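Architecture and fold: a report
What follows is each chain in one-letter form.
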Amino acid sequence: MKSLGKILFTGVLTVLPILATVYLVIWLLAVVEDILGTPLQWLIPETYYRTGMGLALAIVLVFVVGMLMRAYIVQRIFGWFEGLVLGVPLVKSVYSALRDFFGLFQRREGEEAALQVVSLQIPGTDMRMLGFITRTDFSDVPEGIGGEGEVAVYLPMSYQIGGYTIFLPRESLTPIAMSREEAMKFVLTAGVKMKSAQKNGV
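Keep in mind that what you see is a predicted model, and the values were worked out from it rather than measured. (Residues numbered from 1 in each chain as written. Predicted model: local features only at pLDDT ≥ 70, side-chain atom pairs only at ≥ 80, totals over all residues. Heavy atoms only, no water.)

1. Considerations on the confidence of the model for the chain
The predicted coordinates ought not to be read in detail in places where the model reports low pLDDT. A residue-level look at the chain finds 87% of positions with pLDDT of 70 or above and a mean pLDDT of 81. Across residues 196-202, confidence stays below pLDDT 50; counting only partners more than four residues off in sequence or on other chains, it has seven contacts. (pLDDT = per-residue confidence, 0-100. Contact = heavy atoms within 4.5 Å.)

Structure follows, in structure tokens:
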């Protein structure tokens, strides 16, 4: 019975993440289809509408927005709109957290060291933290934010969207040979890794 329980437990640990991922993807696609598909049905005859057109419209809209954001005037308009959004207390917190999280994976032009994975030693302890270099040039920000020879490092927190941005000398950091995607996954899951049944003896 004990062996059967272990086999069942191993099956649950294997299948559950797959089912959760599939469910999340299907739910997300269904939400997008419902949001954009409904107004699309108002514009075209019902006989011509097919399931999936809402998703196709979403892809087109995202592509168009990406193209428009290359224009200076659109960037200014978006900046003005973003300023309005950041003026609303609760919305500001949610939007800022999501913007900073997704912006972490956007490499700035001319900054080869951007998003480099590094570790830093906490002074007076043997503890280290994993982070990402997000900025090396502070010429376009107010004086006092970053000094000569300093870099900005983002320290994400585990199991949530959030973190801290700190400024410190580059020489106090240790580069880590790890992709930013792998490092972010490692931090967000607190370093937890599902071991295979062969390794954990389940």
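2. Looking at the pairing of strand S2 (residues 128-135)
The buried fraction of S2 is high, at six of eight residues. Looking at chain direction, strand S1 (residues 116-121) and S2 are connected through six bridges and run antiparallel. From the neighbouring strand, Gln-116 faces S2, where its bridge partner is Ile-133. For S2 and strand S3 (residues 150-156), the ladder comprises three bridges, and the chain directions are antiparallel. Its bridge partner being in S3, Arg-135 is matched across the sheet by Ala-152. (Buried < 20%, exposed > 50% of the residue type's maximum accessible area, 1.4 Å probe, protein only. Helix = DSSP H or I, 4+ residues; strand = E, 2+ residues; numbered from the N terminus. Pairing = 2+ DSSP bridges.)

3. Structural notes on the environment of Ile-122
Examined against the element boundaries, Ile-122 turns out to sit in the loop between S1 and S2. Those residues in contact with Ile-122 that lie beyond four places of it in its chain are Met-127 and Met-129.

4. A closer look at the pattern of salt bridges
One pass over the full model with this rule turns up one salt bridge. A salt bridge links Asp-140 to Arg-135, with the shortest nitrogen-to-oxygen separation between them at 2.7 Å. (Salt bridge = Lys/Arg side-chain N within 4 Å of Asp/Glu carboxyl O.)

5. Some details on the side chain of Glu-33
Of note, Glu-33 is situated in helix H1 (residues 2-43). Salt bridges are absent for the buried Glu-33, whose nearest opposite-charge side chain, Arg-50, sits at 11 Å. Within polar-contact distance, the side chain of Glu-33 engages the backbone nitrogen of Gly-52 at 3.3 Å. Within polar-contact distance, the side chain of Glu-33 engages the backbone nitrogen of Leu-55 at 3.1 Å. Those residues in contact with Glu-33, other than ones at most four positions away along the chain, are Thr-38, Tyr-49, Arg-50, Thr-51, Gly-52, Met-53, Gly-54 and Leu-55. (Lys, Arg positive; Asp, Glu negative; His and termini not counted. Polar contact = N/O pair within 3.5 Å; in protein donor to acceptor, adjacent residues only side chain to side chain.)

6. Points about the sheet that holds S3
Here we have five strands laid out as an open sheet, ordered S4-S3-S2-S1-S5, and antiparallel in their pairing. Across the chains shown, the open sheet's two edge strands, defined by having one partner strand only, are strand S4 (163-169) and strand S5 (173-175). On average, each strand axis in the sheet is inclined to that of its neighbour by 40°, with strand direction left out of account. Sheet topology note: the S1/S5 ladder contains three bridges and is antiparallel. Along S5, the bridge assignment pairs Ser-119 with Thr-174. (Axes fitted to C-alpha atoms, helices over the stretch in contact; angles between N-to-C directions.)

7. So, the packing of aromatic side chains
Overall, the coordinates contain one aromatic pair when judged by the stated rule. Measuring from centroid to centroid gives 5.8 Å for Phe-138 and Phe-167, while their planes differ by 65°, and the two rings are edge-to-face. Separated by 29 residues along the polypeptide, Phe-138 in the loop between S2 and S3 and Phe-167 in strand S4 bring together distant segments of the chain. Classification of Phe-167 by relative accessible area gives partly exposed; the value is 35%. (Phe/Tyr/Trp six-rings, centres within 6.5 Å; stacked < 30°, edge-to-face > 60°.)

8. Concerning a nonpolar patch on the surface
Among the surface-exposed residues, Val-60, Phe-63, Val-64, Met-67 and Leu-68 lie close enough to one another that they form a single nonpolar patch of about 480 Å² accessible area. With respect to the helices, strands and loops of the structure, Val-64 is situated in helix H2 (residues 53-68). (Patch = residues over 30% accessible without salt bridge, like charges linked within 9 Å, V, L, I, M, F, W, Y side chains within 5 Å. Areas by Shrake-Rupley, 256 points an atom, 1.4 Å probe, with all protein chains shown as cover.)

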